[in-house]
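# Chains, contacts and geometry: an overview
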Amino acid sequence: MRQLLGALAVAAGALISTLPGAHAEPVHGIAMHGEPALPADFSHLPYVNPDAPKGGKVNYGVVGTFDSVRPFIVKSMRTTARGLADPVFGNLVYETLMQRSQDEPFTLYGMLAETVEWDDERSFIQYNINPAARWSDGEPVTADDVIFTMELMKEKGRPPYSTRLKRVASMEKVGPLSVRFTFNETSNREFPLILSLSPVLPKHATDPETFDQSTLEPGIGSGPYVVSEVKPGERITYTRNKDYWARDLPIKRGIDNYDQISVEYFLSETSQFEAFKKGVFDVYPDGSATNWSRSYDFPAVTSGEIVRKEYDNKTPSGMYGFVFNTRRHFFEDVRVRRALTMLFDFEWSNRSLYDNSYTRTHSFWDGSDLSSYGKPADAREREILAPFPDAVSDDILDGTWVLPVTDGSGRDRKVQRAALTLLQEAGYRIENGKLLDANDKPFAFNLMTQNEGQEKLAIAFQRSLSALGIEMTIRTVDDAQYQQRSQTFDYDMIMKAFSSSLSPGTEQLNRWGSASRDQQGSFNFAGAASPAIDAAIDAMLNERTAEGFRSAVRAFDRVLLSGHYVIPAFHLGKSWVAHRSRIAEPDGEPPLYGYYLPAWWDTTAAP
């Protein structure tokens, strides 16, 4: 009934929005809940230095390879060059209709769209393109470009861009610079914001016939940089577009400060760090507690050429761990997944491998008010979960669930006995030191890892499993193979990190929704397909209040935890970055989502 009423409200809103005289006032920004923090006349974002000098250069370093400069197609989904449209380095070439604030949970301000219009029901949204917006070849950005891009992405783009028009009832050009999208009954309250993060491509300079093919020929964008050099698999270099149309906009003041940006590629984390030590690139975000504590005793650090910085995280932990591929028959039973979760000895690993630097993760939103851990479900959560009485464990529902705490020996007998009991309930038995199923087949599977750090943790887990006769083979593959096999779900178990924000939304459909289970290229690595998950995501996407949203996320968290799709590993409460001393960042606290590299600058640049 709730979904029916919601659909009727959307339909009514859509009808009203198309009536003669129906009108919404243009606004400079939109927020998922509440209002944008910045007024229409804001001068710059609060986490930048508006007077940062322009000039100089920065070199970034990443692990992997690339074979394409076309980031929006399936064929180069995970092997496209970094920086073209990048959440870390910035949208250097391709820009979106609106830009997300890094200092608010989910708020967008105008980028290519100078203003937008929408109604209270969010049944439509209209983008009014900035008249000053230009492509790098000088041609204007128009409503036709927006419509062309949306249709092209539908036909030849990759998820999630390829599916966005499924929620659109009509796409209408209402002027040379304005496009209105009216939504259908499958839309939700978050979708207008998601649509606003869509890139726009130039109709006059994009060939639809070859768009879905990988290429190393740079395209034309509207962003602050153009591609100036491509060395396949090794380096891509961007040079400032001196005629960039948005350089004086408030949303861009204090950003895009370098004249040149390069991204260097390395085969492994070890070679990447060694290159950083030698000065090959300038900024090294360090995600390894061991490396951070033990590996910085070299001349560039002691001389002050390299600066180390530590930031307190203000956002949820996310979830990093061992992901079960439930498409495999031996991981279909939740009792098996729960038993293997118990056998991961966090206490031993944290002490022996990481100098006790990590905290055990108990929730997909650990460290935030969105986490369900240690909290009994409220009335709204129970309402969401009521149609699915078996979807959430009693202890997770009432907030008493905890992960086992071992004695740190690596072979805690009490934990092993409890895990074995679950495995026996699932039809397994130990015989001659091997765990066998009902058909006398040994319990054996492969774990795919990506680097030395993952392999180190995997070996510790392998030892714990072997105590119960479980054979786990570890296969560390190169980045290209890891990405390809991830995309096709060609693994038994994989190590993955699921990032979390303070405004989870549509991206969860691609990670956990039933429709994404068999969609190659999705991020549903676990193969989840649960009506309870789908219902929780739907509730999360349609809540109107911050309180209701929090309850929906917690309900979703409980369903994921009860499904034991991931063996939770650990997280850091801090972020670490090492960089050359000539690179500077704005004073004061970094924004809500952490340090923001596009606002940093080169101090050697001429004032």
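Moving on to the overall build of the protein chain. The helix and strand tally for the protein chain stands at 16 helices and 25 strands. Here the C-alpha atoms of the protein chain give a radius of gyration of 25 Å, agreeing with the 25 Å that 2.2 N^0.38 yields for 607 residues. With the C-alpha coordinates aligned to their principal axes, the bounding extent of the protein chain is approximately 75 × 65 × 45 Å. By the burial criterion, 56% of the 607 residues in the protein chain qualify as buried. Residue pairs at least 24 apart in sequence account for 73% of intrachain contacts in the protein chain once pairs closer than 6 positions are excluded.

The strand order across the open sheet built from four strands is β5-β6-β8-β7, with neighbouring strands paired in antiparallel fashion. Among the strands making up the open sheet, the edge pair consists of β5 (113-118) and β7 (168-175). Across the sheet, the mean angle separating the axes of adjacent strands is 20° when strand polarity is ignored. With five bridges joining them, β5 and strand β6 (residues 124-129) adopt antiparallel strand pairing. In the strand pairing of β6, Ala113 is matched with Ile129.

Okay, the confidence of the model for the protein chain next. The predicted structure's coordinates, where accompanied by low pLDDT, should not be read in detail. Of the residues in the protein chain, 96% have a pLDDT of 70 or more, and the chain-wide mean is 94. Here residues 1-22 is modelled with pLDDT under 50, and outside its nearest four sequence neighbours on either side it reaches 22 contacts, counting other chains as well.

What follows is about the nonpolar core. Core analysis: the largest hydrophobic core is formed by 56 residues, its most contacted members being Phe322, Leu340, Leu423, Phe443, Phe445, Leu457 and Met493. Here Phe322 is in contact with Phe344, Leu447, Leu457, Ala458, Phe461, Met493, Ile494, Met495, Tyr565, Val566 and Ile567, once residues within four sequence places are set aside. In terms of nonpolar packing, the next biggest core, distinct from the first, is built from 44 residues, Leu45, Leu193, Val200 and Tyr244 among them.

With that settled, consider unusual backbone geometry. Residues Pro159 and Pro160 are joined by a peptide bond in cis, for which omega reads 5°. Position of Pro160 among the secondary structure elements: in the loop between α2 (143-156) and β7. In this structure, Arg122 takes a positive phi of about 55° despite not being glycine. The topology assignment puts Arg122 in the loop between β5 and β6. At His564, a residue that is not glycine, the phi angle is positive and equals roughly 50°. Its location among the elements puts His564 in the loop between α16 (546-563) and β21 (566-568).

When we look at a pair of aromatic rings, we describe it by the centre distance and by the angle of the planes. If you walk through the whole model with that rule in mind, you get 45 aromatic pairs. Where Phe266 meets Phe281, the ring centres are 5.5 Å apart and the plane angle is 40°; that geometry is what we call tilted. Note that Phe266 is positioned in strand β11 (residues 260-266) and Phe281 in the loop between α4 (269-277) and β12 (283-286), a separation of 15 residues in sequence. Taking relative accessible area as the criterion, Phe281 reaches 0% and is therefore assigned buried. Taken together through their ring pairs, the aromatic side chains of Phe266, Phe273, Phe276, Phe281, Tyr284, Trp292, Tyr296, Phe298 and Trp576 make up a single cluster.

Right, let's get into the pattern of salt bridges. Scanning the model with the defined rule gives 28 salt bridges in all. Note that Lys173 and Asp144 form a salt bridge whose closest N and O atoms lie 3.1 Å from each other. With Lys173 in strand β7 and Asp144 in helix α2, this pair connects stretches of sequence that are 29 residues apart. A relative accessible area of 32% means that Asp144 is categorised as partly exposed. Close ionic contact of Glu310 with Lys574 constitutes a salt bridge, the shortest N to O distance being 3.5 Å. Remark: Lys574 occurs in strand β23 (residues 574-580) and Glu310 occurs in strand β13 (residues 306-312); sequence separation between them is 264 residues. The class of Glu310 is partly exposed, set by a relative accessible area of 47%.

Its 18 residues give α16 an end-to-end C-alpha distance of 26 Å, which sits within 8% of 26 Å, the value for a rise of 1.5 Å per residue. The element α16 is largely enclosed, with a buried count of 15 among its 18 residues. Of the residues trailing α16, His564 is marked for its positive phi of about 50°.

In this section: the side chain of Arg485. Tracing the backbone through its elements, the reader meets Arg485 in helix α13 (residues 479-487). The exposure class assigned to Arg485 is buried, which follows from its relative accessible area of 14%. In contact with Arg485, other than residues within four places in its own chain, are Met448, Val477, Asp490 and Tyr491.

Relative to the 16 Å expected for twelve residues at 1.5 Å per residue, helix α15 (residues 531-542) spans 17 Å between its end C-alpha atoms, a close match to the ideal helical length. Among the residues of α15, Ala532, Ile533, Ala536, Ile537, Ala539, Met540 and Leu541 are the ones counted as buried.

This brings us to the environment of Gly175. With respect to the element layout, Gly175 can be found in strand β7. What makes Gly175 buried here is its relative accessible area of 18%. Gly175 sits 65 residues away from Gly110 along the chain, and the two C-alpha atoms are 18 Å apart.

This part is about the pairing of strand β9 (residues 225-231). Two elements, β9 and strand β10 (residues 235-240), share six bridges in a ladder whose sense is antiparallel. Of the residues in β10, the one forming a bridge with Val227 is Tyr238. Remark: three residues form the turn of the hairpin made by β9 and β10, two consecutive strands paired antiparallel; Gly233 in that turn has positive phi of roughly 75°.

Our next topic: the environment of Glu95. Within the secondary structure, Glu95 is located in the loop between β2 (57-63) and β3 (98-100). C-alpha of Glu95 to C-alpha of Thr215: the two residues are 120 residues apart in sequence and 19 Å apart in space. Apart from residues no more than four positions distant in its own chain, Glu95 is found in contact with Met111, Leu112, Ser198, Pro199, Val200, Ser222, Gly223, Pro224, Tyr244, Trp245 and Lys252. Here the side chain of Glu95 touches Ser222 through a polar contact of 2.9 Å, side chain to side chain.

Once that is clear, we can look at the sheet that holds strand β20 (residues 493-498). The sheet built from five strands is open, its strands ordered β19-β18-β20-β14-β21 with mixed pairing. Of all the strands in the sheet, just β19 (471-476) and β21 have a single pairing partner and so form its edges. Taking the axes of each pair of neighbouring strands and ignoring which way they run, one obtains an average angle of 35° across the sheet. Where strand β18 (residues 444-449) meets β19, six bridges bridge the pair, whose relative direction is parallel. What sits directly across from Ala444, in β19, is Glu471. Its contacts with the sheet place helix α12 (residues 452-466) against β14 (319-324), β18, β19, β20 and β21, and it is angled at close to 170° to β19. Along the sheet, α13 makes contact with β18 and β20, crossing β20 at roughly 90°.

Residues Arg411, Arg413, Lys414, Arg417 and Arg463 make up a contiguous surface patch of positive charge. Here Arg417 shows up in helix α11 (residues 413-425).

Parameters and conventions
- Residues numbered from 1 in each chain as written.
- Predicted model: local features only at pLDDT ≥ 70, side-chain atom pairs only at ≥ 80, totals over all residues.
- Heavy atoms only, no water.
- Helix = DSSP H or I, 4+ residues; strand = E, 2+ residues; numbered from the N terminus.
- Rg over C-alpha atoms; globule rule 2.2 N^0.38 Å.
- Buried < 20%, exposed > 50% of the residue type's maximum accessible area, 1.4 Å probe, protein only.
- Contact = heavy atoms within 4.5 Å.
- Pairing = 2+ DSSP bridges.
- Axes fitted to C-alpha atoms, helices over the stretch in contact; angles between N-to-C directions.
- pLDDT = per-residue confidence, 0-100.
- Core = buried A, V, L, I, M, F, W, Y, C linked by side-chain atoms within 4.5 Å.
- Phe/Tyr/Trp six-rings, centres within 6.5 Å; stacked < 30°, edge-to-face > 60°.
- Salt bridge = Lys/Arg side-chain N within 4 Å of Asp/Glu carboxyl O.
- Expected span 1.5 Å × (residues − 1).
- Polar contact = N/O pair within 3.5 Å; in protein donor to acceptor, adjacent residues only side chain to side chain.
- Patch = residues over 30% accessible without salt bridge, like charges linked within 9 Å, V, L, I, M, F, W, Y side chains within 5 Å.
- Areas by Shrake-Rupley, 256 points an atom, 1.4 Å probe, with all protein chains shown as cover.
- Lys, Arg positive; Asp, Glu negative; His and termini not counted.
- Charge placed at Lys NZ, Arg CZ, Asp CG, Glu CD.

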